[in-house]
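Single-letter residue listing:
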Amino acid sequence: MPLLSPKTIKNTSVSHTVALVKQPPTIVKQSVKDYIVDPRDNIIIECEAKGNQFSWRRNGKFFNIVKDPRVTMRKRSGTLEIGFRSGGRPEDYEGEYQCFASNDHGVALSNKILLRVSKAPLWPKEVLEPVVVTEGSPLVSLQPPPGLPPPFTFWMNTMTPIPQDKRVSMGLNGDLYFSNVIAQDAYTDYSCNARFLFTHTIHDVMT
């Protein structure tokens with residue numbers, strides 16, 4: 001079969017008709033369900049959707065944004081921004097939020113967003129007596145106080161991190177566990193340290 005020259009090839013085109021189907025809105029972006037915020041920043045609660053109108057509920061009730069001077073809603077969006085330049089406390093806005101996006105064809109709901117402010121607890125003020133334990137016995141250290149979100153916890157003695165292995169390990173709650181105590185574990189300056197994500201602070205307590 002002979003090859004066709006470019007002149008013998010005819011270009012054909014097919015026309016397509018695209019019909020726009022009107023649909024109810026769809027949530028395309030939202031804050032996470034368990035939303036922990038930095039107390040030093042403005043609070044931003046995201047809600048982006050293909051909709052014309054947006055409203056919010058807070059703790060199950062209509063949240064009247066217009067009456068709160070600290071709260072603004074972004075243009076063509078349901079995202080809220082809560083500012084504190086003129087005063088106020090972030091803790092006053094903790095609670096459960098839900099965004100509603102609507103148009104002429106229906107309503108879309110965001111997840112229920114539990115907003116909480118990060119907190120770094122104070123260490124308890126107490127005098128700790130030395131712990132006396134028989135060599136070879138197990139020992140569980142003092143559990144540090146919880147934070148929000150949970151802090152990164154680590155243990156030290158003589159200003160150096162305590163090495164962990166099969167005998168010495170740290171639990172998810174911050175406990176330091178000795179499966180069997182040996183004479184080399186006898187120190188007087190064990191300290192538990194907790195690094196808090198949002199406040200960028202480290203608290204320590206001697207044990």
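Residues numbered from 1 in each chain as written. Predicted model: local features only at pLDDT ≥ 70, side-chain atom pairs only at ≥ 80, totals over all residues. Heavy atoms only, no water.

Q: Give me the lowdown on the sheet that holds strand 15 (residues 168–170), citing residues and values where you can.
A: One open sheet holds the three strands; their spatial order is 12-16-15, and the pairing between them is antiparallel. At either margin of the open sheet sits one strand with a lone partner, and together these are strand 12 (139–140) and strand 15. With three bridges connecting them, strand 15 and strand 16 (residues 176–178) associate as antiparallel partners. Counted as the bridge partner of Val168 is Phe178 from strand 16. (Pairing = 2+ DSSP bridges. Helix = DSSP H or I, 4+ residues; strand = E, 2+ residues; numbered from the N terminus.)

Q: Any chance you could break down the nonpolar core for me, citing the residues and the numbers?
A: Core analysis: the biggest nonpolar cluster contains 23 residues, and Ile43, Ile45 and Trp56 have the highest contact counts within it. Breaking this core down by element, the ones donating at least two residues are strand 2 (34–37), strand 3 (43–45), strand 4 (47–49), strand 5 (53–58), strand 8 (80–82), strand 9 (95–103) and strand 11 (113–117). The contact partners of Ile45, leaving out residues within four places of it in the chain, are Ser31, Tyr35, Trp56, Gly78, Thr79, Leu80, Ile82, Tyr97, Ile113 and Leu115. Residues Val168, Leu176, Val181 and Tyr190 belong to the second largest nonpolar core, which totals eight residues. (Core = buried A, V, L, I, M, F, W, Y, C linked by side-chain atoms within 4.5 Å. Buried < 20%, exposed > 50% of the residue type's maximum accessible area, 1.4 Å probe, protein only. Contact = heavy atoms within 4.5 Å.)

Q: Give a description of the sheet that holds strand 3 that names residues and reports values.
A: Read from one edge to the other, the open sheet built from three strands follows the order 3-8-7, with strand pairing classed as antiparallel. In this open sheet, the two edge strands, each paired with only one partner strand, are strand 3 and strand 7 (71–73). Shown here is a sheet whose adjacent strand axes are inclined to one another by a mean of 20 degrees, direction ignored. For strand 3 and strand 8, the ladder comprises three bridges, and the chain directions are antiparallel. Its bridge partner being in strand 8, Ile43 is matched across the sheet by Ile82. (Axes fitted to C-alpha atoms, helices over the stretch in contact; angles between N-to-C directions.)

Q: Please provide a residue-by-residue account of the packing of aromatic side chains, values included.
A: For the structure on display, the rule yields four aromatic pairs. A ring pair is formed by Phe84 and Tyr93, whose centres lie 5.9 Å apart and whose planes are at 70 degrees; its orientation type is edge-to-face. The two residues Phe84 and Tyr93 agree in class, both being buried. Site record: aromatic cluster; members linked through ring pairs are Trp56, Phe63 and Tyr97. (Phe/Tyr/Trp six-rings, centres within 6.5 Å; stacked < 30°, edge-to-face > 60°.)

Q: Talk me through unusual backbone geometry; I want residue IDs and the actual numbers.
A: The backbone of Asn59 sits at a positive phi, close to 55 degrees, despite the residue not being glycine. Following the sequence through the fold, Asn59 ends up in the loop between strand 5 and strand 6 (61–62).

Q: Can you break down the side chain of Asn103 residue by residue, with the values?
A: Note on placement: Asn103 falls in strand 9. Here the side chain of Asn103 touches Gln23 through a polar contact of 3.1 Å, landing on its backbone oxygen. Sequence-distant contacts of Asn103, that is, excluding residues within four places in its chain, are made with Gln23, Pro24, Pro25, Lys50 and Asn52. (Polar contact = N/O pair within 3.5 Å; in protein donor to acceptor, adjacent residues only side chain to side chain.)

Q: Describe the pairing of strand 10 (residues 106–109), with residues and values.
A: Pairing between strand 9 and strand 10: four bridges, direction antiparallel. Note on strand 10: the bridge partner recorded for Phe100 is Leu109. Taking the residues between adjacent antiparallel strands as the criterion, strand 9 and strand 10 are bridged by two residues.

Q: Help me get a handle on the pattern of salt bridges, residues and values and all.
A: One pass over the full model with this rule turns up six salt bridges. Of the charged contacts, one joins Asp185 and Arg167 as a salt bridge, the two residues approaching to 2.7 Å between their closest N and O atoms. With Asp185 in the loop between strand 16 and strand 17 (191–196) and Arg167 in the loop between strand 14 (160–161) and strand 15, this residue pair connects regions lying 18 residues apart in the sequence. Residue class for Asp185 comes out buried when judged on its relative accessible area of 12%. Beyond isolated ion pairs, a larger network of salt bridges with shared partners links Arg89, Glu91 and Asp92. (Salt bridge = Lys/Arg side-chain N within 4 Å of Asp/Glu carboxyl O.)

Q: Break down the environment of Val168 for me, with residues and values.
A: Relative to the assigned elements, Val168 resides in strand 15. According to the relative accessible area criterion, Val168 is buried, its value standing at 4%. Separated by ten residues in sequence, Val168 and Phe178 place their C-alpha atoms 4.8 Å apart. The contacts of Val168, once residues within four sequence positions are left out, are Ile162, Pro163, Leu176, Tyr177 and Phe178.

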